[in-house]
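Below, each chain spelled out in residue letters.
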Amino acid sequence: MALNSSQVKSKQPGAHADGGGLYLIVRESGERAWAFRFTAPDGKRAMMEFAAVGDKPGELSLTEARDQAREYRLALKKDSIDPRHKKQLAAKGDMALDEYWKAKTAEWLRGRSEQDEEIQAWARSLRDLSKLHRKKLHEIDTTHVVEALKTIWWEKPVSAGRTRERLERVLSAAKVEKYRTGENPAAWRDNLKHLLPSPRKLNRKKGHPSLKYESAPALMAALAYDPYPVARCVEVGILCCSRSQEIRWMEWEELDLVKRTWLIPAEKMKVKGELGKPHLVPLIDQTIAIIQSMPRVGRYVFPSDHAAGHQAFRANALVGAIKRAGFDATMHGMRTTFRNWGADNREHNFRREVLEFCLSHRVGDEAELSYWTSEMLDRRREVLEAWVSYLLPRKKTFGETPRAKRPRLRLVG
């Protein structure tokens, strides 16, 4: 039976139904509140108190409580919005995307200058999403995202893909902070994948130029004659099989020269729609020697000699150093060179998993990876030592006789 106004004031302690999920909660103390009972989108039953009973500001009468309960039912039925989230959104207030984007960028990239490459990249992505700037976070849906991305998707697919990844990360944070609810409209899987062509297919450029591994020692020999810091950055990047952004942003505090390791933080790792994972890189003696030859003038191990404030090099600077050495390759292409060398190497017969881990790739399905927690540091150090020995062969001194090779055991049968 529906309640009336006199019953609202006279009911004894307990929960009293009004219909449509609305309940009057009367406590032993005499306090009275309105509650809404419902089935959440995940199928679980729940009850939420949403207002006190009365006529004062913030309190609701019987009629007003019924109107509010009706809004909750419609939101549940039409948009699958949990009333608890709707209440949190109302308490949190509205915020436009551009305002929230700038706030999160300042938080995630705290301590970097305005000239920092990553800060500028996030700013460019925000400019590319001009159609979403004044949209409230809780209003943005998949249609809005598609319309905003269409302006750049075919013109610059690689940049557009990165912009989508950044937008997905921002909207994920907004959901955690209760500025929005529901699925992420910028997600690729099971969402935009069915509405937009893959950026990789649209990008008609060839893969990253790489060298045949037989030419890699010649490149390292040529780089040794380049006196500029960027050449040292390229050398260490090749020896560690690092991506361009990882080696350019290497910081002194990430290095442990006693343990001979370099811990790359998650935010510097390659991102595919979500934050990467930290990656521990074993350092070889020759690599450490190059690092120790660099003057410690700022946070970065390899500061640009052209940027103010000892900032990191831009990606083009590393490619330029390789071209000055007389070779056509990129840092990412040199990772391909390493992988081909490791696959063809019959002397050591490296395991595929170890080679992939050297490239910060994990091999296996989700179940396998959930049990695989080893860093394989010693095995990867062996691979990188062999790689360095191949790239930087030790010169023989006059009168030195070569060491006898150990006989290799062969399986019979």
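Residues numbered from 1 in each chain as written. Predicted model: local features only at pLDDT ≥ 70, side-chain atom pairs only at ≥ 80, totals over all residues. Heavy atoms only, no water.

Participant: Please give an account of the side chain of T337 that cites residues and values.
Facilitator: Relative to the assigned elements, T337 resides in helix α14 (residues 331-344). Of note is the side chain of T337, whose polar atom sits 2.8 Å from the backbone oxygen of L211. The residues contacting T337, other than those within four sequence positions of it, are S210, L211, K212, Y213, A216 and W387. (Helix = DSSP H or I, 4+ residues; strand = E, 2+ residues; numbered from the N terminus. Polar contact = N/O pair within 3.5 Å; in protein donor to acceptor, adjacent residues only side chain to side chain. Contact = heavy atoms within 4.5 Å.)

Participant: So what's going on with the nonpolar core? Residues and values would help.
Facilitator: With 54 residues, the main nonpolar core has I238, I247, M250, W262, I291, F302 and F338 as its most contacted residues. Looking at this core, the element that brings in the most residues is helix α10 (residues 229-240), giving 8 residues. Those residues in contact with I238 that sit more than four places away from it in its chain are L219, M220, L223, M331, M334, W387 and L391. Listed in part, the 29 residues of the second largest apolar core include L126, L137, V146 and L167. (Core = buried A, V, L, I, M, F, W, Y, C linked by side-chain atoms within 4.5 Å. Buried < 20%, exposed > 50% of the residue type's maximum accessible area, 1.4 Å probe, protein only.)

Participant: Got a sec to walk through the pattern of salt bridges? Specific residues and values, please.
Facilitator: Here the idea is simple: oppositely charged side chains can pair when their charged atoms come close. Applying the stated criterion to the full structure yields 18 salt bridges. Here E353 and R351 are joined by a salt bridge, their closest N and O atoms 3.6 Å apart. According to the relative accessible area criterion, E353 is partly exposed, its value standing at 23%. Here R351 falls in the partly exposed class, since its relative accessible area comes to 40%. One network of salt bridges, in which partners are shared, links E251, E254, K268 and R299. (Salt bridge = Lys/Arg side-chain N within 4 Å of Asp/Glu carboxyl O.)

Participant: Tell me about unusual backbone geometry, and please be specific about residues and values.
Facilitator: For D190, which is not glycine, the phi dihedral falls at a positive 55 degrees. By secondary structure assignment, the location of D190 is in the loop between α7 (157-176) and α8 (199-202). Judged by relative accessible area, which is 67%, D190 ranks as exposed.

Participant: How would you sum up the packing of helix α4 (residues 97-108) against helix α5 (residues 117-128)? Please name residues and give values.
Facilitator: It is at 11 Å that the axes of α4 and α5 come closest, and there the two elements cross at 170 degrees. In terms of axis orientation, α4 runs roughly antiparallel to α5. Only W122, S125 and L126 of α5 make contact with α4, whose side of the interface consists of D98, W101, K102, T105 and W108. Considered class by class, the residues forming the contact of α4 with α5 number 4 nonpolar, 2 polar and 2 charged. (Axes fitted to C-alpha atoms, helices over the stretch in contact; angles between N-to-C directions. Parallel < 35°, antiparallel > 145°, perpendicular 65-115°, else oblique. Nonpolar A, V, L, I, M, F, W, Y, C, P; charged D, E, K, R; others polar.)

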